[in-house]
Structure formats: structure tokens, C-alpha cells
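A structural walkthrough
As a plain string of letters, each chain reads:
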Amino acid sequence: VQLQASGGGLVQTGESLRLSCAASGRTFSGYALGWFRQAPGKEREFVAAISRSGGRTNYADSVKGRFTISRDSAKNTVSLQMNSLKPEDTAVYYCAAAFVYYDTTVIPGNEYYYWGQGTLVTVSS
């Protein structure tokens, strides 16, 4: 599976962005999907995850209520709708895929096997 993330950019505090991640080479259907981010000088952190069916989601506390993860199995994509952006959301955002046997979300980054190249989100104050 090859993942291609897009949609990053420069926005002001309070604005919105929608990130997308498209898969090629294999269908997403057997995979849980996630978004992670890494700010300058910081470690990569979990942002959001979605199960194979899309029926289960998990979010980091820092983004809960502002970000929404979704997937479109027909288009083989996963998206992250980010609202009410804050300067502390500035980071490179990565999508990732983890093969799972059950309809569960995956949070630990080391359980994800496929990673996209990242897309930069910059939120100015």
C-alpha cells in the first residue's frame, strides 16, 4: 500500500482544513487507518484513528471535538477534517494504515505498517 497525503497549508487561528490520504496498490478494506502529526522538535503523536468499517473512531484529547476522521472505502481514501485550528496544531501530518483482523481502531504508531509522506499544516496566530 502506498499512501499519499494532501491538503495541508497555511491558515489562521480558527480556520479549517481538510486533509486527505489516498491509497494505491491495495485496497484499504482490511486496514485500520490513522492520522499522526509531528511538530518541530517534538515526537510524533497520535491524532485520530478509524476502524475498518468506519464505525469506530478515536481521537487525541487535544483535538477531540475539533477534528473528524472519516473514510471512503469506495474511493480508498481517509480524511481528517480539522476545524477551529490553533497554532499548536502546526505540524507535519501523516496518514497511516494498520492491518487488523477485527473492526477496531489502532492508536500506537508502532502498530502501523504503511505511512504516507506527510503534509505540512501551519496555523498562524
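Everything below is about the structure printed above this text.
Let me sum up the structure you'll find in this document. What you see is a predicted model, and the numbers here were worked out from it, not measured in a lab. (Residues numbered from 1 in each chain as written. Predicted model: local features only at pLDDT ≥ 70, side-chain atom pairs only at ≥ 80, totals over all residues. Heavy atoms only, no water.)

1. Focus on the pattern of salt bridges
This model, assessed by the stated rule, comprises 4 salt bridges. Residues Arg37 and Asp89 are paired through a salt bridge, measuring 2.9 Å at the closest nitrogen-oxygen approach. Here Arg37 is found in strand S4 (residues 31–38), whereas its partner Asp89 is found in the loop between strand S8 (77–82) and strand S9 (91–99), with 52 residues between them in sequence. In this structure, Lys64 engages Asp61 in a salt bridge whose closest nitrogen and oxygen atoms are separated by 3.1 Å. Using a relative accessible area of 67% as the deciding quantity, one classes Asp61 as exposed. (Salt bridge = Lys/Arg side-chain N within 4 Å of Asp/Glu carboxyl O. Helix = DSSP H or I, 4+ residues; strand = E, 2+ residues; numbered from the N terminus. Buried < 20%, exposed > 50% of the residue type's maximum accessible area, 1.4 Å probe, protein only.)

2. Considering the sheet that holds strand S7 (residues 67–72)
Strand order in the open sheet made by the 4 strands is S1-S3-S8-S7, with antiparallel pairing throughout. Both edges of this open sheet fall to strand S1 (2–6) and S7, since each of them pairs with a single strand only. If you compare each strand with its neighbour and ignore which way they point, the axes differ by 15 degrees on average. Pairing geometry for S1 and strand S3 (residues 17–24), over 5 bridges, is antiparallel. Counterpart to Ser6 in the pairing with S3 is Ser20. (Pairing = 2+ DSSP bridges. Axes fitted to C-alpha atoms, helices over the stretch in contact; angles between N-to-C directions.)

3. Some points on the side chain of Ser51
Considering the arrangement of structural elements, one finds Ser51 in the loop between strand S5 (45–50) and strand S6 (57–59). A distance of 3.4 Å separates a polar side-chain atom of Ser51 from the backbone nitrogen of Gly55. Once residues lying within four places of it in the same chain are set aside, the contact partners of Ser51 are Ala32, Arg56, Arg71, Asp103, Thr104 and Thr105. (Polar contact = N/O pair within 3.5 Å; in protein donor to acceptor, adjacent residues only side chain to side chain. Contact = heavy atoms within 4.5 Å.)

4. A closer look at a nonpolar patch on the surface
A cluster of nonpolar residues, Phe99, Tyr101 and Tyr102, forms a patch on the protein surface that exposes about 460 Å² of accessible area. On the secondary structure map, Tyr101 appears in the loop between S9 and strand S10 (114–115). (Patch = residues over 30% accessible without salt bridge, like charges linked within 9 Å, V, L, I, M, F, W, Y side chains within 5 Å. Areas by Shrake-Rupley, 256 points an atom, 1.4 Å probe, with all protein chains shown as cover.)

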